[in-house]
Amino acid sequence: MRKFSVLRYLKQFSVLIFLFALIGSLAIYFYGKTQQRYVASAVIQYTNAGAKDGYTPDGSPLHVEEIYSSTVIDAALTDLGVQTNIDSIRSNCYVEEVVPEAQQKLNDALLDKGEDPSYVTDTYRVYYIGNNDTGEEYAWNMLDAIIKNYCEFYAEKYVEEQLQSNGISVLAEGKHDYMESAQVLDASVSEMLDYLLSKRASHPYFRSVETGYTYDDLYQIYKFLYNYEIPSLYAAILTDAETSDIDLLMSRLTKDCEDIQLEIENRQDRVDYLKSLIDNYISSNRDLMDYHYHVSPEGAAGTEYILKDVDDNHKDGNAETTYDELIREYVNLNIEIRQKTLEKSHKEYLLSVFEGAPGAEGQKSYSPEEIRKKLDHCVDLATEYYQYVENTGHELNRYLSANYLAMISSISVQPTLNLTLYLVIAIVLFVLVGGVGAVLLGRALDFIDYFRYVDKTVQLPNRARCDAFITEHSSRLLDENFSCMVLKMDSLSTLSSEYGREAGDEVLKDFAMILKSFGDLYGFVGYNGSGVFYAFFPDCSSDKLSVILEAVGRQVEKYNKLNPEYGIHYNCGRAVSSADGIFEIRDLLRLAMQRMQAGQTVTVSEAISGEKAGEAAQDCAEA
């Protein structure tokens, strides 16, 4: 059997090892990509005074879970224009405390003692985990949108008031008359003016970078709409009492007047009741004061000094009594009655205007199309101005939140798997596994080859292997200087008959070892049975072949000197493709066999030493 050689096996199966490592590494790489996750993280800090105690700027408890609340996630998805399930995003978000190392050691020591650490951090790390399908950029954008919208949410909830709603949005339903639409527009703009006045007072120097406006600028813009555009719309509607449905409008105005009158009466009843309570309270209080502050006949002061002491003790206080509450409610109700009365008068005026409308046959100052155009123009202006207010409010909230919420670190994205490292490890692993497999496979093939193609007596390729070698080379022409040699050990039968078969086999084995040493060096040597050996030497000229025969003869001579009773005697025949002009292996082998059969037995004395060796080789060549 062939000698165990790791390098020979690795060289023999190098291509298979390369393909195995390549395919295995690519499989690991692509599997790793399917399992890849991208973790986006950023550190935020609450900077308000109560953050260290776990409170928000308005004094309510801090809940960091609001960072991935449904409201924040929904706003983030809207900003990104992504349509996905909110819970799928929330499940991939989490927040952890950032505690200094020294404080963490102190907390651990307290826990070991069984005490509860009182330390509350104001710094947190926010995470969002994205999968391989969405990619690294998506994870960065998602966390950025979440933190951005959380800052707005935090400012609106704990720092700043909510943004003013857009009251004219109800006009989109399209179920309002011209006058009703104008009233909705009027009320919406009026509310916005009050909102802008309060903002101007609280943030007089804030100017939006996005819109370029201050709150005073926005107030002036809405003021122009309120003072000019809306009155112009009213004038166009009321000039000819234009309406899309006069009956419906009249019924609504009539109902509004009735409802307002009912509200006035209810408030008036309450006012009359409060007036009676106040009068009774005044009368009772006057009698009580006369009783306590009178002067006795004996000149005693009575309870005067006691009450004065009580009054002195409350001079600097802000005590409110039931009487104060009654007066306040009484005044507020009268104000509401006055406002409702004015509102009712306005409704009645509108009723009178539309009841005396000239009708469709009269000449009109404004056509319905012109009124609708004016109305749409006012609505478009109000919508455009509201967008300015909304954008400015969002920017203000971000500005205010920066004073209470700060980003300590920018967003970073890290993959959970280092695919490059895993790929390198996979290559090394599969190369090692492939190498071990190649050695095992090569050795297994050696065993198979040994049992199938090796003669167990001489340990050389057997007749089947010789036939396979000849068949392999018979399909093509031989190269130049392809040498073939046939050797037959003639002394085998004599040794077997005189000393037994085992002795003959031992000598045959020794002769085979001599030939094998040359076969391993220069080509192929096989045993064809019955003491016949085939030797094939590619790229072996006649001179080189003569040298090989001479070397074989010297080895046999040495053997025979050491074993005179078991001498080796053999015949040989040789042929060379270029010298003999034969380039087909079977014909070349046939010629060598013919020359062997016609040759003389080579003995030790005749072997090949000096000139006799050359003569013997020449005789074999001429035979």
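Check the entry above for the structure.
It should be emphasised that the depicted structure is a prediction, and the values quoted were computed from it without experimental measurement.

**Some details on the pattern of salt bridges**
At step 1: Considering all chains together, one arrives at 17 salt bridges under this definition.
At step 2: Where Asp 216 meets Arg 200, a salt bridge forms, and the shortest distance between an N and an O atom there is 2.7 Å. Here Asp 216 is found in helix α8 (residues 215–239), whereas its partner Arg 200 is found in helix α7 (residues 178–202), with 16 residues between them in sequence.
At step 3: Assessed through its relative accessible area of 30%, Asp 216 is described here as partly exposed.
At step 4: In this structure, Arg 207 engages Asp 217 in a salt bridge whose closest nitrogen and oxygen atoms are separated by 3.3 Å.

**Some words on a nonpolar patch on the surface**
At step 1: Residues Val 15, Leu 16, Phe 18, Leu 19, Leu 22, Ile 23, Leu 26, Phe 30, Leu 441, Leu 445 and Ile 448 make up a contiguous nonpolar surface patch of roughly 1000 Å² in combined accessible area.
At step 2: The set of elements that each furnish at least two residues to the nonpolar patch consists of α2 (14–34) and α13 (419–453).
At step 3: If you tally residues by element for the nonpolar patch, the top one is α2, at eight residues.
At step 4: Inspection of the secondary structure puts Leu 22 in helix α2.

**Here's the deal with the sheet that holds strand β9 (residues 524–529)**
At step 1: One open sheet accounts for four strands, arranged β9-β10-β8-β11; its pairing is antiparallel. Either end of the sheet is taken by a strand with one partner, and the two such strands are β9 and β11 (570–576). If you compare each strand with its neighbour and ignore which way they point, the axes differ by 15 degrees on average.
At step 2: One ladder, built from six bridges, connects strand β8 (residues 483–489) with strand β10 (residues 532–537); its direction is antiparallel. Looking across to β10, one finds that Lys 488 is bridged to Val 532.
At step 3: Along the sheet, helix α16 (residues 501–522) contacts β8, β9, β10 and β11; its crossing angle with β10, the most-contacted strand, is approximately 10 degrees.

**Thoughts on the side chain of Ser 41**
At step 1: Note that Ser 41 resides in strand β1 (residues 37–46).
At step 2: Every residue in contact with Ser 41, bar those within four places of it in the chain, is listed here: Arg 125, Val 126, Tyr 127, Leu 143, Ser 410, Ile 411 and Ser 412.

**What to know about the packing of aromatic side chains**
At step 1: Evaluated as defined, the whole model comprises 23 aromatic pairs.
At step 2: With 5.8 Å between their ring centres and 45 degrees between their planes, Tyr 150 and Tyr 154 make a pair best called tilted. Highlighted residues: Tyr 150 and Tyr 154, both in helix α6 (residues 136–159), separated by four residues, approximately one helical turn. Like Tyr 154, Tyr 150 is buried.
At step 3: Connected via pairs of aromatic rings, a cluster forms that spans Tyr 46, Tyr 124, Tyr 150, Phe 153, Tyr 154 and Tyr 158.
At step 4: The cationic tip of Arg 200 hangs over the ring face of Tyr 219; the distance from NZ or CZ to the ring centre is 4.7 Å.

**Section: unusual backbone geometry**
At step 1: If you check the backbone angles, Asn 481 has positive phi at about 60 degrees while not being a glycine.
At step 2: Positionally, Asn 481 belongs in the loop between α14 (463–474) and β8.
At step 3: For Asn 481, a relative accessible area of 24% puts it in the partly exposed group.
At step 4: Backbone geometry places Asp 539, a non-glycine residue, at a positive phi of 55 degrees.
At step 5: Structurally, Asp 539 can be placed in the loop between β10 and α17 (542–562).
At step 6: On the basis of relative accessibility, which here comes to 59%, the residue Asp 539 falls in the exposed class.

**What to know about the nonpolar core**
At step 1: Residues Leu 185, Leu 196, Tyr 222 and Leu 225 are the most contacted members of the largest nonpolar core, which totals 38 residues.
At step 2: If you list the elements that add at least two residues to this core, you get α7, α8, α9 (246–292), α11 (322–355) and α12 (368–402).
At step 3: Not counting residues within four places of it along the chain, the set of residues in contact with Leu 185 comprises Ile 168, Ile 230, Leu 233, Cys 378, Val 379 and Ala 382.
At step 4: In this structure, Ala 42, Val 64, Ala 76 and Phe 153 belong to the second largest nonpolar core, which totals 34 residues.

Cut-offs applied
- Residues numbered from 1 in each chain as written.
- Predicted model: local features only at pLDDT ≥ 70, side-chain atom pairs only at ≥ 80, totals over all residues.
- Heavy atoms only, no water.
- Salt bridge = Lys/Arg side-chain N within 4 Å of Asp/Glu carboxyl O.
- Helix = DSSP H or I, 4+ residues; strand = E, 2+ residues; numbered from the N terminus.
- Buried < 20%, exposed > 50% of the residue type's maximum accessible area, 1.4 Å probe, protein only.
- Patch = residues over 30% accessible without salt bridge, like charges linked within 9 Å, V, L, I, M, F, W, Y side chains within 5 Å.
- Areas by Shrake-Rupley, 256 points an atom, 1.4 Å probe, with all protein chains shown as cover.
- Pairing = 2+ DSSP bridges.
- Axes fitted to C-alpha atoms, helices over the stretch in contact; angles between N-to-C directions.
- Contact = heavy atoms within 4.5 Å.
- Phe/Tyr/Trp six-rings, centres within 6.5 Å; stacked < 30°, edge-to-face > 60°.
- Lys NZ or Arg CZ within 6 Å of the ring centre and 35° of its normal.
- Core = buried A, V, L, I, M, F, W, Y, C linked by side-chain atoms within 4.5 Å.

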